[in-house]
Amino acid sequence: MGLLLVAGPGLPAFGDPESAAAGHVSAHFVENAYLDSHTPNIVTVIIADYRGFDTLGEVVVVFVAGLACLFLLRRSNPQQTGHLLRRTDSIIVDLATRVMTPIIQVFALYVIFHGHYSPGGGFQGGALFAGSILLQRVSQGHENSQHTFSRHLDTPFAIAGVLIFAGLGVVTLLAGGNYLQYDQLPLGLRMDMLRNLGILVAEVGVAFAVVGTLVSIFDDLSCTGRGIPRD
Amino acid sequence: MNGPITALFFLLALIAAIAALKVKDLLAVAVILTAFGFFVALLYTALGAIDVGFNEAVLGAGVTGVLFVVAIHHTQRRSID
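Residues numbered from 1 in each chain as written. Chains lettered and ligands numbered in written order. Predicted model: local features only at pLDDT ≥ 70, side-chain atom pairs only at ≥ 80, totals over all residues. Heavy atoms only, no water.

Visitor: Sorry if this is basic, but what is going on with the interface of chain B and chain A here?
Guide: Accessible area lost upon the coming together of the parts serves often as the stated size of an interface. With 14 residues of chain B in contact, the opposing surface of chain A contributes 23 residues. For the pairing of chain B and chain A, the buried interface totals around 1600 Å² over both sides, and the portion due to carbon and sulfur atoms is 73%. Looking at the side of chain B facing chain A, the largest losses of area belong to Asp51, Phe54 and His74 of chain B, adding up to 35% of the total buried there. For the pair chain B and chain A, the interface holds zero salt bridges. For the interface between chain B and chain A, the tally reads two residue pairs in polar contact (both at pLDDT 80 or more). (Contact = heavy atoms within 4.5 Å. Buried area = accessible area lost by both parts, 1.4 Å probe. Salt bridge = Lys/Arg side-chain N within 4 Å of Asp/Glu carboxyl O. Polar contact = N/O pair within 3.5 Å; in protein donor to acceptor, adjacent residues only side chain to side chain.)

Pasting the structure below:
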């Protein structure tokens, strides 16, 4: 905290045209993003490649938030666990969510894997996928939605996501590069294609972590020790 | 660039934010907050930050609303203050 207070005034002022980010750094990103990684969407390149370490930190923050909810809210004894959610009585809600859920899921996968070319990426696609699972949880009830995505899967999903992203960094380290330096991946492709592939793996890791964490928070909140409460 | 549209979304987001502070029924507030998230997402998109707008549309206008509704079930529905 004290360190932060000491270091704070050293940062450039808000909107300072002389700062590094407004000067040569942004121009370098805009000029070289496509050449470096064969990816038209500059936002994706910056998030997953140039600032990959930042994004890894973000993923860990999301994961830790999910862990905090787990420790604060989850009931360990399954006998005591009641569910807030039961299946809806409305046939309109039932049918509409049944039609919408697979469409949202396919669109979420498209957003994750098409993040190189259009807006989107791991965070957006993962949140969409988690949203579709929450939609099913809310409309079909907790019991009926377990076969699509079991509540025992959500924490492993989050862990797997963080490990995919962090493990990618370790692979590049072992191959002789810096941490998360994708063009050192030992696959024998051109450098820009390697970075393209590295971004894809990072996005998939982010998506796993976001899906697992969001569904985990929701399940921890909705599974109480009290069963179905009063309306 | 597109001043009127940006101003309109900004105004709508402002109205939704003030309404969320004034309404006492927490379930209604959760719905108003998702509307706020949606207007902010439109604002980001109008300003050219499409990736950020996408994120806000999915998280602010979608997932957080559901989380709020479930969290309200753990407490009372009406705000006291």
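From this point, the discussion proceeds with the structure in view.
Visitor: So what exactly am I meant to see when it comes to a nonpolar patch on the surface here?
Guide: All names here are of chain B. A cluster of nonpolar side chains, contributed by Phe10, Leu11, Leu14, Ile15 and Ile18, occupies part of the molecular surface with about 490 Å² of accessible area. With respect to the helices and strands, Leu14 occurs in helix α1 (residues 3-22). Judged by relative accessible area, Leu14 falls into the partly exposed class, the value being 43%. (Patch = residues over 30% accessible without salt bridge, like charges linked within 9 Å, V, L, I, M, F, W, Y side chains within 5 Å. Areas by Shrake-Rupley, 256 points an atom, 1.4 Å probe, with all protein chains shown as cover. Helix = DSSP H or I, 4+ residues; strand = E, 2+ residues; numbered from the N terminus. Buried < 20%, exposed > 50% of the residue type's maximum accessible area, 1.4 Å probe, protein only.)

Visitor: What am I meant to see in the packing of helix α6 (residues 122-140) of chain A against helix α8 (residues 191-222) of chain A here?
Guide: Residue and element names in this part refer to chain A. Across the interface, α6 lies against α8 with an axial gap of 8 Å and an inter-helix angle of 30 degrees. Here α6 lies roughly parallel to α8, going by the angle between them. By crossing handedness, the relation of α6 to α8 is classed as right-handed. On α8, the residues touching Gly122, Phe123, Gly126, Ala127, Phe129, Ala130, Ile133, Leu134, Arg137 and Val138 of α6 are Glu203, Val206, Ala207, Val210, Val211, Leu214, Val215, Phe218 and Asp219. Of the residues in the contact of α6 with α8, the class split is 14 nonpolar, two polar and three charged. (Axes fitted to C-alpha atoms, helices over the stretch in contact; angles between N-to-C directions. Parallel < 35°, antiparallel > 145°, perpendicular 65-115°, else oblique. Left-handed = near helix turned anticlockwise from the far one by under 90°. Nonpolar A, V, L, I, M, F, W, Y, C, P; charged D, E, K, R; others polar.)

Visitor: Please explain the environment of His114 of chain A as it appears in this structure.
Guide: As for its placement among the helices and strands, His114 of chain A is situated in the loop between α5 (91-113) and α6. Within the local environment of His114 of chain A, its side chain forms a polar contact with the side chain of Ser118 of chain A, the two groups lying 3.0 Å apart.

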